[in-house]
Amino acid sequence: MSIVDEIKTHCDNGNLFHLLPIEPGRSVERDVFVSKEIWDFLDGNDADVKLQQVGARAYRRLESFVCGNAVVLGMNPLQKDRTSLIARNDPTSDGVVDVRINDPQPAVRIFGCFATRNVLVLLLRRTRQELAQKGFASSIRLCRRQWDHLFSSCTPLVSEDPHDYITGTFDIG
Amino acid sequence: MTISLAPSILAEPAGEERLSARTLAYVSEAARDQLYDLVVQNCIETGVTKATLAKRLGKDPAQISRLLGAPGNWTIDTFAELLFAINGSMLQASSYLPLRAAVSNRRAPACLDASTIVKMSPSVFNEAQTIRKSQEITAPMSTVRNRADYTYAG
């Protein structure tokens with residue numbers, strides 16, 4: 001079974017949700033699939049009002065990815081720019097990336113993996129405060145365990161070429 | 001299942017009802033996103049580098065990296081300076097009513113065969129259609145957003 005078939009099965013079973021732009025006129029150029037945990041965050045189900053607002057901003061940020069806008073991808077986990085929208089995490093061999101919502105506060109990281117080019121599966125959300133308490137590395141490991149639980153026969157995409165992850169990456173130069 | 005935030009988050013304001021904090025956060029982010037995308041597209045089209053931009057603006061390259069890394073809360077001055085420094089462009093602004101645009105027929109997962117898969121959640125689709133129809137009755141069509149709306153003078 002291909003990774004795309006597995007994603008479809010998880011969507012059918014309600015384990016993953018495919019994100020659509022709110023605006024009906026916007027087209028889907030890339031795919032983002034999210035877990036229930038991420039959907040609840042994006043849908044504003046947090047008790048914290050500030051996190052509800054960050055969730056709405058994060059949704060729009062993800063829409064930008066979905067609609068095919070240029071994206072800065074941080075390839076080197078140890079030297080990534082603070083403002084890269086998506087960045088690979090150490091160890092890169094695990095294939096875990098995070099979407100970074102830095103502004104406004106509280107800053108949030110949404111962890112996930114690329115299933116294939118332009119197909120991002122997001123599984124775990126952490127505020128920076130939670131990361132300070134629980135540890136960045138353990139969150140990366142937990143994300144990978146969640147991936148392995150969902151996709152036991154497929155590994156995340158790992159490549160040293162940014163174009164293997166996303167078409168339309170923007171190299172700041 | 002295909003899913004989106006309920007389109008009602010973008011319903012046009014009526015009367016004195018207070019807008020939700022989430023709506024305001026979303027529309028603010030959308031503005032940041034569009035300005036950022038405009039700058040980035042100009043950078044890509046002209047091939048200007050971070051180093052060149054930094055020299056033209058008299059700023060540190062690291063500062064340009066931070067600005068171009070992701071959409072941010074730029075001041076209008078910062079945005080105007082960046083845009084002009086890239087290729088001499090100036091902003092020509094326009095607005096649009098997001099829920100009045102025609103529904104795109106590319107709303108299924110791009111990685112899956114649209115004919116076999118997941119459709120838009122019926123409740124979300126119906127809500128979008130209802131809002132669109134009710135607004136068509138009460139007001140004329142607004143400008144449809146398009147990159148061509150941002151034309152450059154200069």
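For the structure, see preceding data.
Residues numbered from 1 in each chain as written. Chains lettered and ligands numbered in written order. Predicted model: local features only at pLDDT ≥ 70, side-chain atom pairs only at ≥ 80, totals over all residues. Heavy atoms only, no water.

On a plain count of helices and strands, chain B comes out with five helices and one strand. Listed by position from the N terminus, the elements making up chain B come as β-α-α-α-α-α. Residue burial in chain B is summarised as follows: out of 154 residues, 43% are buried. Total accessible area on chain B is roughly 8400 Å²; 56% of this is exposed by carbon and sulfur atoms. (Helix = DSSP H or I, 4+ residues; strand = E, 2+ residues; numbered from the N terminus. Buried < 20%, exposed > 50% of the residue type's maximum accessible area, 1.4 Å probe, protein only. Areas by Shrake-Rupley, 256 points an atom, 1.4 Å probe, with all protein chains shown as cover.)

Take the pattern of salt bridges next. Across all of its chains, the model carries 18 salt bridges over all chains by this definition. Ionic pairing is found between E63 of chain A and R60 of chain A, a salt bridge with its closest N-O pair at 3.6 Å. In this pair, E63 of chain A and R60 of chain A are both assigned in helix α3 (residues 49–66), three residues apart and thus about one turn of the helix distant. The exposure classification of E63 of chain A matches that of R60 of chain A, with both residues buried. Among the salt bridges present, the one from R32 of chain B reaches D103 of chain A, with a minimum N-O distance of 2.9 Å. (Salt bridge = Lys/Arg side-chain N within 4 Å of Asp/Glu carboxyl O.)

Another point: the packing of aromatic side chains. Each aromatic ring pair is summarised here by two numbers: the centre-to-centre distance and the angle between the ring planes. Under the counting rule described, the total for this entry stands at seven aromatic pairs over all chains. A centroid spacing of 6.2 Å and a plane angle of 70° characterise the contact between W39 of chain A and Y59 of chain A, whose relative ring orientation is edge-to-face. Linking W39 of chain A in helix α2 (residues 36–42) with Y59 of chain A in helix α3, this pair joins segments that are 20 residues apart in sequence. Y59 of chain A carries the same exposure label as W39 of chain A, and that label is buried. With centroids separated by 6.3 Å and ring planes inclined at 20°, the aromatic side chains of W74 of chain B and F79 of chain B adopt a geometry described as stacked. Accessibility expressed as a relative area gives 16% for W74 of chain B, which makes it buried. (Phe/Tyr/Trp six-rings, centres within 6.5 Å; stacked < 30°, edge-to-face > 60°.)

The values are spatial; any link to function lies outside them.
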